[in-house]
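Chain by chain, the residues run as shown.
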Amino acid sequence: MFKRLALATLLTAAFLPAFAADKYAIDPTHTQVEFTYSHFGFSNITGRFDQVESEFLFDPADPTKSSVKVTIPMASLSTGVAKLDEHLLTADFFDAAQFPTATFTSTGVTAAGEGKLKVAGDLTIHGVTRPVVMDVTINKVGTHPMTQANAAGFDASFDIKRSEFGVGGYAPAVSDEVRIEITVEAQQAR
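One structure accompanies this document, and this report is about it. For clarity, every value in this text was computed on a predicted model and none was experimentally measured. (Residues numbered from 1 in each chain as written. Predicted model: local features only at pLDDT ≥ 70, side-chain atom pairs only at ≥ 80, totals over all residues. Heavy atoms only, no water.)

### Description of the environment of alanine 149
Stage number 1. Inspection of the secondary structure puts alanine 149 in the loop between strand S9 (128–143) and strand S10 (150–161).
Stage number 2. Exposure remark for alanine 149: the relative accessible area of 5% places this residue in the buried category.
Stage number 3. Distance in space between the C-alpha atoms of alanine 149 and arginine 190 is 8.6 Å, their sequence separation being 41 residues.
Stage number 4. Apart from residues no more than four positions distant in its own chain, alanine 149 is found in contact with Gly142, Thr143, His144, Gln187 and Arg190. (Helix = DSSP H or I, 4+ residues; strand = E, 2+ residues; numbered from the N terminus. Buried < 20%, exposed > 50% of the residue type's maximum accessible area, 1.4 Å probe, protein only. Contact = heavy atoms within 4.5 Å.)

### Topic: the layout of surface pockets
Stage number 1. As a volume, the second largest pocket reaches approximately 160 Å³.
Stage number 2. Lining the second largest pocket are Asn139, Lys140, Gly142, Thr143, His144, Pro145, Ala151, Ala152, Gly153, Val184 and Glu185.
Stage number 3. Those elements that place two or more of their residues in the lining of the second largest pocket are S9, S10 and strand S11 (177–188).
Stage number 4. Its residues assigned to classes, the lining of the second largest pocket comprises 4 nonpolar, 5 polar and 2 charged. (1 Å grid on protein atoms, 1.4 Å probe; cavity = no way out; pocket = protein on both sides within 12 Å on 5 of 7 lines; lining within 4 Å. Points joined across faces, edges and corners; volume = space filled by probe spheres on them. Nonpolar A, V, L, I, M, F, W, Y, C, P; charged D, E, K, R; others polar.)

### As for the side chain of threonine 79
Stage number 1. Along the chain, threonine 79 turns up in the loop between strand S6 (77–78) and helix H2 (82–88).
Stage number 2. Threonine 79 sits in the buried class, given a relative accessible area of 15%.
Stage number 3. At 3.2 Å, the side chain of threonine 79 and the backbone nitrogen of valine 81 are in polar contact.
Stage number 4. Setting aside its immediate chain neighbours within four residues, threonine 79 contacts Phe35, Thr46, Gly47, Leu84, Asp85 and Leu88. (Polar contact = N/O pair within 3.5 Å; in protein donor to acceptor, adjacent residues only side chain to side chain.)

### Things to note about the side chain of serine 106
Stage number 1. Note on placement: serine 106 falls in strand S7 (residues 101–111).
Stage number 2. Judged by relative accessible area, serine 106 falls into the buried class, the value being 14%.
Stage number 3. A distance of 2.9 Å separates the side chain of serine 106 from the backbone nitrogen of valine 68, its partner in a polar contact.
Stage number 4. Not counting residues up to four positions away in its chain, the partners in contact with serine 106 are Ser67, Val68, Val119, Ala120 and Gly121.

### Looking at the pairing of S11
Stage number 1. Here strand S1 (residues 22–26) runs beside S11; their pairing, made up of 3 bridges, is antiparallel. Bridge pairing in S11 places isoleucine 26 opposite alanine 186.
Stage number 2. Of the strand pairs in this sheet, strand S2 (residues 32–39) and S11 are connected by 5 bridges, and their pairing is antiparallel. From the neighbouring strand, threonine 36 faces S11, where its bridge partner is arginine 179.
Stage number 3. Note: S10 against S11, 11 bridges, orientation antiparallel. Bridging across to S11, isoleucine 160 finds its partner in valine 178. (Pairing = 2+ DSSP bridges.)

### Regarding the pattern of salt bridges
Stage number 1. Taken as a whole and assessed by the stated rule, the structure comprises 6 salt bridges.
Stage number 2. Note that lysine 118 is salt-bridged to aspartate 135, the shortest N-O span being 2.3 Å. Taken together, the positions of lysine 118 in strand S8 (residues 116–125) and aspartate 135 in strand S9 put the pair 17 residues apart, joining distant regions of the chain.
Stage number 3. Of the residues examined, lysine 118 reaches a relative accessible area of 34% and is grouped as partly exposed.
Stage number 4. Each of the salt bridges in this network shares a partner with another, and the network as a whole consists of Asp159, Arg179 and Glu181. (Salt bridge = Lys/Arg side-chain N within 4 Å of Asp/Glu carboxyl O.)

As C-alpha cells, this is what we get:
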C-alpha cells in the first residue's frame, strides 16, 4: 500500500508543473499581428491581420511553463490598399481559398534574460509548416486597471523567408524576408 501511495505521489508531483499555468484570453482590440517587407527596395510596406484567435496558458511565476496556439484567418489581411489585399489572397501568394488560416503552436519556452523569452514553435502558412523562434518581451504582468483581472502583455518578433512557405512570388524584387511583429494583451480567463 505504501509503495502505491509513494508512486502515486511521485507521479502526481512529476505532472503538476505541466498544469501550473493559467488560461488567458487575448483581448482582440489590443492585440495586433503585423508584417513588413521591402517593395523593390523603395518602401517598407506594412500590413496586418485584423483577426487573431488564441489558446494561451501563462504562468507568471515561471513563464517557461507557458504555451500558446494561434490561428489567424487569412481573409482578415489588411494593407490599407484593397487591390493589394485582394492580390495577396490569390494563388500568387497566400491562396486563401485553399489555405484559409495560418497557425502557430508553441513547442517550448525558454528564458532569455530579464523579462525576455524565446518561444519556439511550428508556424504553418500556405499549408507549409516550419519551425520558428520568436523573441518575446514581457511588457507587464499585473492587475488590469479596468477589469481588475490578472493581465499580461507581450511583444514578439521574428523573421521568415516567405519562399520557404511557398509564398515567394516576385522575390527577390519584393523581399523574400518578412518581419513579423506581434503585440498581445491578455487577461486571465474566469
